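Coordinate analysis (summary)
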Amino acid sequence: MSSPSATARARELLGVGALTNASMTRWLNGLPGVDQVGADARAAGLGTRSIKTTSKAWAIDTAIGMIDLTTLEGADTESRVRSLCAKAMAPDPGDPTTPQVAAVCIYSDLVPVAVDALRGSNIHVAAVTTAFPAGRATMAVKLTDTRDAVRAGAHEIDMVIDRAAFLSGRYLQVFNEIAAIKAACAQDDANGAANGAAARLKVILETGELATYDNVRRASWLAMLAGADFIKTSTGKLSPAATLPVTLIMLEAVRDWRDLTGTQIGVKPAGGIRTAKDAMTYLVMVNEIAGDDWVDPHWFRFGASSLLNDLLLQRQKLANGRYCGADYVTID
Amino acid sequence: MAKFEYAPAPESRAILHIRPSYGLFIDGEFVQSSGGSTFKTINPSSEEVLAEVTEAGAADVDIAVRAARKAFDGPWGRLPGAERAKYLFRIARILQERSREFAVLESLDNGKPIKESRDVDIPLAAAHFFYHAGWADKLDHAGLSDGAGQPPRPLGVVGQVIPWNFPLLMLSWKIAPALAAGNTVVLKPAETTPLTALLFAEVCQQADLPAGVVNIITGAGQTGRHLVEHPGVDKVAFTGSTHVGKAIARSLAGTRKRATLELGGKAANIVFDDAAIDQAVEGIVNGIFFNQGHVCCAGSRLLVQESVADDVVMRLKRRVETLRVGDPLDKNTDVGAINSAAQLARIRELTQIGESEGATRWSAPCVLPERGFWFAPTVFTGVSQAHRIAREEIFGPVLSVLTFRTPQEAVAKANNTPYGLSAGVWTEKGSRILWMADQLRAGVIWANTFNRFDPTSPFGGYQESGYGREGGRHGLEAYLRTGASR
Amino acid sequence: MSPTASRRKATEPATPEQRIEVRKTYKLYIGGAFSRSESGRTYKIHAAGRSGRFLANAAMGSRKDARDAVVAARDAFERWAMATAYNRGQVLYRVAELMEGRRGQFATEVAAAEGLTPARADKVVSAAIDRWVWYAGWSDKIAQVLGGVNPVAGPYFNISAPEPTGVVAALAPQCSSLLGLICVLAPIVVSGNTEVILTSEHRPLPAVTLSEVLATSDVPAGVINLITGRTAEVAPWLAAHQDVNAVDLAGAADADGLAWADLERAGADNLKRVLRPAGDGADAVEPDWSPVPDLTRIKAYLETKTIWHPKGG
């Protein structure tokens, strides 16, 4: 079921002849623990950084460029998605120097709409699949969901892990599912992915359900082992969604993973990041925990909707020197 | 060049009014010295003169002690504890209200980063007053009465001498319990950092604290000696070097003065192979680079289990490289200025000795300002117990890394020092933490954390790190006459 | 009876009148062994009061004996300090049991040493034994009474507990040869310290008998070491000893040729904890040991250790 390459690499990293749940459990349990209080304190400390003037202007534009502008509602319509795509391409119609966002993030069935609306731009289409947000469906459904999105032109797939399997210790099952979805992202048929390239796979850990930082670390490593291109905190459908300490732990994970394997993996906090100040704190964290290489939309994203407008308001304040109001930015 | 540069984010000095010169705060007022000599206090990050300060002579000390005695024998001594408490609550509140002012002044005079003065020193100072305020009318319930049920009583006039590393915080550690217990005080701040103590004198005025209850006299070692040796002083509280602590202990020999001494340390921060590695690295960094390493309980000796030593040191260096060294008033500064030229010279001397003894020196690649006193965060590896940098208190941002193989060896090395102030233990194994905590001969054991302070938590050392505790019920006892010691 | 009738064969036992008392050699007690002073010196001990009769030649301990005693005390420290409080309490209580068995001997010696009537001496012995029992019972209560959880403002568990300070050198009271001795000795060891006791200079015999009790008790060797001799000669070496953590100067009162200030000053070189003698100013007086004490003497040899640990999920 899982791709041979992911399995082969996992065997090598784990130093085992065959991947078993037991060997995977041993490996994950062998990761260093996370002290919750210490991790919280470190995140809070980074939260006291003060980003002013030129660095603030730079950070605002960088953050805008890292946004996966998101709508994930049952009520999403074609026009709602088109409207979101318009906003993604011209976040501030009054200021053409405003950067575009990185991607729009939508349900998989709306991918064709977004692909069409964003044609000609560099903005990616990201689709949530695998029976998002609960992930409660058969593997066949999850694979079909994913393949459909990729075929429809999604550049990025945001999948959810099976939290039930993870929490009950069926790590091999989680691994296999991620690896299988990864393989589905790579499929390339006649109507295949744009540019013929594989879609990048973001693996949503739904850290709010994993509850402990130790679990967040293990899930991060498990996802990376199985072939994730990105690890993502949350679906945004439950609280807590992204938090600074959880993102801190995931940034440590991708940093350590690159040290171990040489492969760079992206990080995407999603949900609950609403203000420019929040975004700058996250950027500080990326900068100081993972480092310079991750300060790039290719390696770090914000899954957000209302964040964009706050960034735009702050951007206008910096440009005009006066505070702005909600009526001066577009709602979508 | 990094993609994400942080623009300067300096805290404003506008909130502050530093007077060109300060007298002594005696009997509720600022007064001129009878002798009249002065000295200058400078900003260690720029060498700019901040103010001229009075050097109290023997006659000034005598006047201050008499003022304190008069207050003790007078209104303060008769004041019910509940009313005394209100003064302390007032002081706590005023410190909170004026916290930004205090933080800026502390960073200017001391060189510590504003984020530390703002987030640690000043809030904790206020917390100490708040905590002790509540004790003032509850001393009978502190569990300090003797078997006959006699309630504890204040000692009288307390002479207090504090260091330059946490000027206002050390002041609060001293004054808050002293006043809560009903004593009056004469306090001498360090000569390089007198300004927040002098601002605190204004707080006493704003609180309408009765004259003479708190007296602040400035000066250097000689002033401190006059104070400690003054026959009118009933108790001496000193925080500072072990060298001076011993001299004080000698000078008090044969008298009936009480003493508490908080002195130096050479704490081991012990990291086991199963530690929560990222938090351990933070703890190591916090342990030695917090407040430029000007911390008596600093984790200046890293003892790391051999099996993870390379990994820990790699992570440590990577982390230290992200420390931002520079302008103490910049809100993003992690490591500020060394407090004085003399201290800088001492750090340089010991680090040179470390190199000549054969340890491997690594300093964070940071650009240091040209003016002022600066020292880059430094890590020595390949250090052994015999090296002076593993034995002597450097009191600067310099870490010595040693290794161990077994818990027993870690304990043996950690305890192999005449000091015994603090120690750190990093392991995810609960029973090992408790075993280590039993074995380590130190007054404060931080397990999976480091450099935490709280007014309710007793602080103080074993052996040559001094005696007595500050904080909590234990600290209160040092300011009270109880039991047979009445 | 005729002279011939009274002449007994050499092999017959002596009559009670004839019997010559077997005297005890009063030795030092160091590391669980009885030794003469390495200096080979002794000094004469006389009874108090009018008779002033010769009682014994006591060993005159030297600075080297003190040094050896400190080594013994240091060696014994870790095990004694780490023993469970329950165990220490039982071991010390056992000493009281053995003292009770020897109370006649103690009474005789105390009477001679302090010039007391037999009845008064008996009372003093009772008080001394009872004081020992009182202190023994503290072993497993000290931590609860003096320690506790501190409610710090943050997600941390924070607890303070008392620990023994280490090796304590004590100058036993000069006058109260048994009760005073125990009032000084017991609070030091009950919390886990080990000690070197410089006995009353002129009234050392009850202390030596106590050491014999200790030797047959379960108190581990080296935990309590007793040195007889000239206080003024040996005390300065103990006060200056860098491996001694604390000194008790109770016996500086009435000690010949000794200023306690000098001892305290010497102790400052390694920041010894010093329990000053009672009295005002430079004067040192020996207190009345009979009232039930408070915790002052126990606390004097305790360190407060505070432990922090985060509380997280």
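These lines cover the structure that appears in this document, whether it is placed above or below. Note that the structure is predicted; figures quoted are calculated from it, not measured.

About the cut-offs
- Residues numbered from 1 in each chain as written.
- Chains lettered and ligands numbered in written order.
- Predicted model: local features only at pLDDT ≥ 70, side-chain atom pairs only at ≥ 80, totals over all residues.
- Heavy atoms only, no water.
- Helix = DSSP H or I, 4+ residues; strand = E, 2+ residues; numbered from the N terminus.
- Buried < 20%, exposed > 50% of the residue type's maximum accessible area, 1.4 Å probe, protein only.
- Contact = heavy atoms within 4.5 Å.
- Phe/Tyr/Trp six-rings, centres within 6.5 Å; stacked < 30°, edge-to-face > 60°.
- Pairing = 2+ DSSP bridges.
- Buried area = accessible area lost by both parts, 1.4 Å probe.
- Salt bridge = Lys/Arg side-chain N within 4 Å of Asp/Glu carboxyl O.
- Polar contact = N/O pair within 3.5 Å; in protein donor to acceptor, adjacent residues only side chain to side chain.
- Core = buried A, V, L, I, M, F, W, Y, C linked by side-chain atoms within 4.5 Å.
- Domains from an automatic or database assignment.
- Nonpolar A, V, L, I, M, F, W, Y, C, P; charged D, E, K, R; others polar.

**Observations regarding the side chain of Asp121(B)**
Residues and elements named next belong to chain B.
- Relative to the helices and strands, Asp121 is located in helix 5 (residues 114–135).
- Residue classification places Asp121 among the buried residues on the basis of a relative accessible area of 0%.
- Apart from residues lying up to four places away in sequence, Asp121 is in contact with Lys112, Glu116, Phe166 and Leu169.

**So, the packing of aromatic side chains**
- This structure, assessed with the given rule, holds 26 aromatic pairs over all chains.
- Between Trp173(B) and Phe459(B) the ring centres are 5.2 Å apart and the planes differ by 70 degrees, which places this aromatic pair in the edge-to-face class. Separated by 286 residues along the polypeptide, Trp173(B) in helix 6 (residues 167–180) and Phe459(B) in the loop between strand 18 (444–447) and strand 19 (466–467) bring together distant segments of the chain. Assigned by exposure class, Trp173(B) and Phe459(B) land together as buried.
- With 4.9 Å between their ring centres and 80 degrees between their planes, Trp134(C) and Tyr135(C) make a pair best called edge-to-face.
- What makes Trp134(C) partly exposed here is its relative accessible area of 28%.
- A relative accessible area of 1% places Tyr135(C) in the buried class.
- Following the ring pairs from residue to residue traces out a cluster consisting of Trp173(B), Trp446(B), Phe450(B), Phe453(B) and Phe459(B).

**Examining the sheet that holds strand 5 (residues 49–54) of chain B**
Residue and element names in this part refer to chain B.
- With mixed pairing, the 3 strands of this open sheet are ordered in space as 1-5-4. Strands with a single pairing partner mark the edges of an open sheet, and in this sheet they are strand 1 (21–22) and strand 4 (38–42).
- In the sheet, strand 4 pairs with strand 5 via 5 bridges, with the strands oriented antiparallel. Looking across to strand 5, one finds that Thr38 is bridged to Thr54.

**Re the interface of chain B and chain A**
- Facing the 29 residues of chain B at the interface are 30 residues of chain A.
- Carbon and sulfur atoms make up 46% of the surface buried where chain B meets chain A, a total of about 2300 Å² over both sides.
- It is Lys3(B), Phe4(B) and Gln279(B) in chain B that bury the most area against chain A; as a group they hold 31% of the surface buried on that side.
- Counting the contacts that link chain B with chain A gives 7 salt bridges.
- Applying the counting criterion to the chain B and chain A interface returns 15 residue pairs in polar contact (both at pLDDT 80 or more).
- Going through the elements one at a time, helix 5, helix 10 (277–289) and helix 11 (309–321) of chain B are the ones with two or more residues in the side of chain B that touches chain A.

**As for the pairing of strand 6 (residues 156–164) of chain C**
Residue and element names in this part refer to chain C.
- In the sheet, strand 5 (residues 148–149) pairs with strand 6 via 2 bridges, with the strands oriented antiparallel. Within strand 6, the position partnered with Gly148 by the bridge is Ser160.
- Here strand 5 folds back onto strand 6, and the loop between the two strands holds 6 residues.
- In terms of strand pairing, strand 6 meets strand 12 (residues 302–310) through 9 bridges, oriented antiparallel. Bridge pairing in strand 12 places Pro164 opposite Leu302.

**Observations concerning the environment of Thr306(C)**
- For Thr306(C), the position within the fold is in strand 12.
- On the basis of relative accessible area, Thr306(C) is assigned to the buried category, the value being 0%.
- Taking C-alpha positions, Thr306(C) is 30 Å from Ala221(C), a pair spaced 85 residues apart along the chain.
- Ignoring anything within four residues of it in the chain, the contact list for Thr306(C) reads Gly443(B), Val444(B), Ile445(B), Ser457(B), Pro458(B), Asn150(C), Asn158(C), Ile159(C) and Ser160(C).

**Remarks on the nonpolar core**
- In this structure, Phe129(B), Leu171(B), Ile175(B), Phe200(B), Val214(B) and Ile216(B) are the most contacted members of the largest nonpolar core, which totals 115 residues.
- Considering each element in turn, this core owes the most residues, 10 residues, to helix 6 of chain B.
- Each of domain 1 (21–263 + 464–485) and domain 2 (268–455) of chain B gives at least three residues to this core.
- The contact partners of Leu171(B), leaving out residues within four places of it in the chain, are Phe129(B), Ile162(B), Ala176(B), Leu187(B), Ala197(B), Phe200(B) and Ile216(B).
- The next biggest cluster of nonpolar side chains, apart from the first, holds 108 residues, and it includes Trp257(A), Ala290(A), Trp294(A) and Ala304(A).

**A few points about the interface of chain B and chain C**
- Taken together, the contacts link 50 residues of chain B with 49 residues of chain C.
- Interface of chain B and chain C: buried area, both sides summed, is about 3600 Å²; carbon and sulfur atoms make up 47% of it.
- Between chain B and chain C we count 3 salt bridges in total.
- Across the salt bridge formed by Lys299(C) and Glu477(B), the nearest N and O atoms sit 2.6 Å from each other.
- The tally of links from chain B across to chain C stands at 35 residue pairs in polar contact (both at pLDDT 80 or more).
- If one sorts the elements of the side of chain B that touches chain C by residue count, helix 9 (residues 242–252) of chain B sits on top with 6 residues.
- Along the lines of polarity and charge, the residues of the side of chain B that touches chain C split into 19 nonpolar, 17 polar and 14 charged.
- As paired elements, strand 18 of chain B and strand 12 of chain C share 3 bridges and run parallel to each other. Note that in strand 12 of chain C the partner of Val444(B) across the bridge is Thr306(C).

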